[in-house]
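# Descriptive analysis of the structure
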Amino acid sequence: MAYTIVVPDTELLQCVCGTNDSNLKLIEEHLGVEVFTRGNELSIESEDSDIQRQFNFVINRMMDEISDGNAYNPDMVASILNVETVDERPFRFNANSSIFIPGAVKKVFPKSQNQLELIESFRNYDMVFAEGPAGSGKTFLAVAVALELVLTHKKRGIVLTRPIVEAGESLGYLPGNLEDKINPYLRPLYDSMNSILTRDMVKRMVESEVIEMAPLAYMRGRTLNDSVIILDEAQNTTKEQMKMFLTRMGENSKIFVTGDITQIDLPSRIPSGLIDAMEVLKSVSDIKMIHMDSDDVVRNPLVKKIVQAYEYADNQ
């Protein structure tokens, strides 16, 4: 029994197949079945529903990556198949691996074992700490799962916040209204949303207050119900700020905390609230903590090499 996927156009099909069908050969080796091409169709002969699902995942993921401009990235197929093992287990996606967001311009897929575990943790735990290097997908996946939860009507809104840690931090001295003052600090969160949804859709959600963005200082005294609350750049919180933030959690809410402890901008005498919280709360069973590493930096191979170079230097 054939399982067939239709590829929209010839150019995309050529990119998916690779030079001399090199990509298809990797897929065949990974799945253990032969991939056939006919016109603009790709097919496998298998009645195994798990193999069919994996085949569908891989091909659709490849088409999505190619549409993002990654057609000529030699690591793309290997990243998708992720044939390396983690804890002696190969990376295996399942029915809930992908994030499908109503109205999204792209699908969101895990690109490593840790990213897969992070997505599952965001869905299954009410409080998740994700710590790791730049480019490992922490913030992006947190935003994607938050959008999925809101746009499937499982949560009412999203609150996005970051600590503002700069020289001359006080917002009062900056020109413009509050939005003008905080926009540069929250820009990375906008970028994550704009890469998933259309700008008009994001704008409407912000205007209707389904999405709220605010500096961490504005969280004090609030109780946030039925929401997904994301704290980004959490390594730059103080111990007091982190405790204040975590206790804003209201009924039916989730809190996602992301940060990179190698990029702390606090004065050296002030301990990081992220490091402190992950130590203090490590034994709390209802809180999940995920540590990302350089192997999770898969979007741009150069970023991965930079992170690995710094990790090597730090360990010398």
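To be clear, the structure that these remarks concern was listed above.
A brief structural summary. Position labels on residues start from 1 in each chain and follow its written sequence. In view of the model being predicted, local features appear only for residues whose pLDDT reaches at least 70, and side-chain atom pairs are presented and counted only at 80 or more, with totals across whole chains, interfaces and linings using the full set of residues. Calculation of side-chain values draws on the structure's entire complement of heavy atoms; hydrogens and water are dropped beforehand.

## Structural notes on the pattern of salt bridges
The term salt bridge refers to a side-chain nitrogen of Lys or Arg lying within 4 Å of a carboxyl oxygen of Asp or Glu. Across all of its chains, the model carries 9 salt bridges by this definition. Residue D126 is joined to K254 by a salt bridge in which the shortest nitrogen-to-oxygen separation is 3.7 Å. Here D126 is found in the loop between helix 5 (113–124) and strand 6 (127–131), whereas its partner K254 is found in strand 10 (residues 254–259), with 128 residues between them in sequence. Any residue under 20% of the maximum accessible area for its type is buried, any over 50% is exposed, and the rest in between are partly exposed; the area is computed with a 1.4 Å probe on protein chains only. Among the residues examined, D126 registers a relative accessible area of 41% and is labelled partly exposed. Judged by relative accessible area, which is 5%, K254 ranks as buried. Between E233 and R162 there is a salt bridge; the shortest N-O distance is 2.9 Å. Of this pair, E233 sits in the loop between strand 9 (227–231) and helix 9 (239–246) while R162 sits in strand 7 (residues 157–162); the two residues are 71 residues apart in sequence, bridging distant segments of the chain. E233 sits in the partly exposed class, given a relative accessible area of 26%. Residue R162 is classed as buried on the basis of its relative accessible area of 11%. Each of R162, D232 and E233 takes part in salt bridges that share partners, so that together they form one network. Going along the chain from the N terminus, every DSSP run of H or I of four or more residues is numbered as a helix, and every run of E of two or more is numbered as a strand.

## Side note on the packing of helix 1 (residues 10–17) against helix 3 (residues 49–67)
What counts as an axis is a line fitted to C-alpha atoms, over the stretch in contact for a helix, and the angles between N-to-C directions run from 0 to 180 degrees. The N-to-C vectors of helix 1 and helix 3 enclose an angle of 115 degrees; their axes lie 10 Å apart at closest approach. Taken as axis vectors, helix 1 and helix 3 run roughly perpendicular relative to one another. Crossing handedness for the pair helix 1 and helix 3: right-handed. Here helix 1 contributes L12, C15 and V16 to the contact with helix 3, which in turn contributes I59, M62, M63 and I66. Classifying every residue of the contact of helix 1 with helix 3 by side-chain character gives 7 nonpolar, no polar and no charged. To sort the angles, those under 35 degrees are grouped as roughly parallel, those over 145 as roughly antiparallel, those from 65 to 115 as roughly perpendicular, and the leftovers as oblique. Here a crossing is called left-handed whenever its near helix is offset anticlockwise from the far helix by less than a right angle, and right-handed whenever the offset is clockwise. The contact definition used throughout considers only heavy atoms, calling two residues in contact when any of these lie within 4.5 Å. When residue character is reported, Ala, Val, Leu, Ile, Met, Phe, Trp, Tyr, Cys and Pro are called nonpolar, Asp, Glu, Lys and Arg charged, and the others, Gly included, polar.

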